[in-house]
Amino acid sequence: MDMQTRFSFSLEADSFQPLVLAVDDNDDNLQLLAQILAIADCDYITAVDGKSAILKAKSYRPSLILLDMMLPDISGIDVTRTLKQDPQTQAIPIIAVTAMARTEDKESFITAGCVECAIKPYDIVQLETVIRKYAFGEIGKS
């Protein structure tokens, strides 16, 4: 999947739909993230590698990035560090999406600049809650 998008437009003031960048090199994982984002009422764009993720983050400035940590070209940690060093993208929250569940892995993702980690296979309800928390700015509103 080169790029998938879902944009919806509404003139209603209270119908804000944040844009989320979902990054994963596995098509099935990307499709699942897209479905979860649709359920969470988010618009989304996708990327399948680190270089395109960085370019799309700079171009679109999404409200949130869901970032696989094992990409074919650049590691998710390096993508995170690059985005956090750039004034255009440093404020975008990044959630690490990964199968690496060891404590030291999670700590390295947080140290690099991720706000949270979502472990594969996903707890869909929990991931939707985390997406809403950061994409809609619902931190502390639960």
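Definitions and cut-offs
- Residues numbered from 1 in each chain as written.
- Predicted model: local features only at pLDDT ≥ 70, side-chain atom pairs only at ≥ 80, totals over all residues.
- Heavy atoms only, no water.
- Helix = DSSP H or I, 4+ residues; strand = E, 2+ residues; numbered from the N terminus.
- Contact = heavy atoms within 4.5 Å.
- Salt bridge = Lys/Arg side-chain N within 4 Å of Asp/Glu carboxyl O.
- Buried < 20%, exposed > 50% of the residue type's maximum accessible area, 1.4 Å probe, protein only.
- Axes fitted to C-alpha atoms, helices over the stretch in contact; angles between N-to-C directions.
- Parallel < 35°, antiparallel > 145°, perpendicular 65-115°, else oblique.
- Expected span 1.5 Å × (residues − 1).
- Arc of directions from axis to C-beta.
- Polar contact = N/O pair within 3.5 Å; in protein donor to acceptor, adjacent residues only side chain to side chain.

(A) Geometry of the environment of K51. Inspection of the secondary structure puts K51 in helix α2 (residues 50-60). Note: C-alpha distance between K51 and L71 (20 residues apart in sequence) is 9.7 Å. With sequence-adjacent residues up to four places away left out, K51 is seen in contact with D73 and I74.

(B) Highlighting unusual backbone geometry. Between K120 and the following residue, P121, the backbone shows a cis peptide bond with an omega angle of -5 degrees. When you line up the elements, P121 lands in the loop between β6 (116-119) and α5 (124-135). Phi at D41 takes a positive value of approximately 60 degrees, unusual for a residue other than glycine. In this model, R61 sits at a positive phi of 45 degrees, which is unusual for a non-glycine residue. With respect to the element layout, R61 can be found in the loop between α2 and β4 (64-68).

(C) Local environment of the pattern of salt bridges. Across all of its chains, the model carries 9 salt bridges by this definition. Among the salt bridges present, the one from D24 reaches K120, with a minimum N-O distance of 2.9 Å. Taken together, the residues D24 in the loop between β2 (19-23) and α1 (27-39) and K120 in the loop between β6 and α5 connect sequence positions 96 residues apart. In this pair, the class of D24 matches that of K120, namely buried.

(D) Summary view of the packing of helix α3 (residues 76-85) against helix α4 (residues 103-112). The geometry of α3 relative to α4 is characterised by a closest axis approach of 9 Å and an angle of 20 degrees between their N-to-C directions. Taken together, the axes of α3 and α4 lie roughly parallel to each other. Contact residues: I77, T80, R81 and K84 in α3; S108, F109 and A112 in α4.

(E) Broad picture of the environment of F109. Inspection of the secondary structure puts F109 in helix α4. Taking the C-alpha atoms as reference, F109 lies 8.9 Å from I95; in sequence the two are 14 residues apart. Not counting residues up to four positions away in its chain, the partners in contact with F109 are M69, I77, A96, T98, M100, C114 and C117.

(F) Expanded view of α5. Taking 1.5 Å per residue, 12 residues should reach 16 Å; α5 reaches 16 Å between its end C-alpha atoms and fits that length. Here α5 has its buried residues at L127, E128, V130, I131, Y134 and A135. Each buried residue of α5 lies within a common arc of 160 degrees when the element is viewed along its axis, so the set occupies one face. Of the exposed residues in α5, those oriented more than 90 degrees away from the buried face are V125 and Q126. Buried positions along α5 lie against β2, α1, β4, β5 (94-98) and β6. Where α5 begins, the capping side chain belongs to D123, and its oxygen is found 3.2 Å from the backbone nitrogen of V125. Immediately beyond the C-terminal end of α5, within one or two residues, lies G137, with a positive phi of roughly 70 degrees.

Coordinates in, geometry out; function isn't part of it.
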